[in-house]
Amino acid sequence: MNTERVAELIHSLLIELGEDPNREGLARTPQRVAEAYAYLTSGYREDPEAIINGAVFEACSNNMIICRDIEVYSLCEHHMLPFFGRCHVGYIAQSHVIGLSKLARLVDCYARRLQIQERLTAHVAQAIMDATEAEGVGVVMECRHLCMMMRGVAKQNSLMTTSSVLGSFHDEEATRMEFLDLIGREMRH
Ligand code: ZN
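Here the structure is a predicted model, which means the values were calculated and not measured. (Residues numbered from 1 in each chain as written. Predicted model: local features only at pLDDT ≥ 70, side-chain atom pairs only at ≥ 80, totals over all residues. Heavy atoms only, no water.)

## Here we look at the overall build of the protein
The cut-off we apply is this: Secondary structure elements follow DSSP: runs of H or I of four or more residues count as helices, runs of E of two or more count as strands, with numbering from the N terminus. Burial here depends on accessible area, computed with a 1.4 Å probe over protein chains only, as a share of the maximum for the residue type. Under 20% is buried, over 50% is exposed, and the range in between is partly exposed. Residues count as neighbours in contact if any of their non-hydrogen atoms are within 4.5 Å of one another.
Assigned secondary structure in the protein consists of 8 helices and 7 strands. Judged by the C-alpha coordinates and their principal axes, the protein covers about 60 × 40 × 25 Å. Every one of the 189 residues in the protein was classed for burial, and the buried ones make up 40%. Excluding contacts between residues fewer than 6 apart, the proportion of contacts in the protein whose partners are at least 24 apart in sequence is 68%.

Written out as structure tokens, the structure reads:
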């Protein structure tokens, strides 16, 4: 990303918004915003496979592995405003498991792009499936969208929930219910 070019565009945007980009408080704002966008969209410049590689281990467990409450911070592609919340991941390994810390980095890699929550959820699920060749994968994401909370519709408390289920989580109701029960039951604490 060309941060100097982005800073120029933010400088122009400030003028269009009716601001004076030369006043003291805004003097370094274009540069700061450009740097913030570079970070918030760094997922475009990361390779999810490279993140996971080296953190997939052989294991002969076929229990359900659950990782709850992974923090999610992303930008909606319709308004470029933040949406944020939590992500819960579950999978049943066949031969490989993935390091827990890598799950969070995987979520970040897809979240640091312009997204819609549905696609973000699906991408995380598919990446885990591809990396581990799991029997099944489930991802549930619960997020609040500032584009809804800050603007006219003002649904202050609306939490959007999306899910993506693959393999046995999709095909077998008992497996899917076990997953939802595990994350649901524990979430009430
Ligand atoms: Zn939006």
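Once the structure has been displayed, the description carries forward.
## Regarding the coordination of the zinc ion
The test is simple: Think of the donor list as every N, O and S atom within 2.8 Å of the metal, or within 3.2 Å for Na, K and Ca; water never makes the list, so a site can look incomplete.
At 2.2 to 2.3 Å from the zinc ion lie its protein donor atoms, namely Cys 76 (SG), His 79 (ND1) and Cys 147 (SG). Within one chain, the residues donating to the zinc ion are spaced in sequence as C-x2-H-x67-C. Taken together, the residues span a long stretch of sequence, with His 79 in the loop between β2 (64-76) and β3 (82-92) and Cys 147 in helix α6 (residues 146-149) at a distance of 68 residues.

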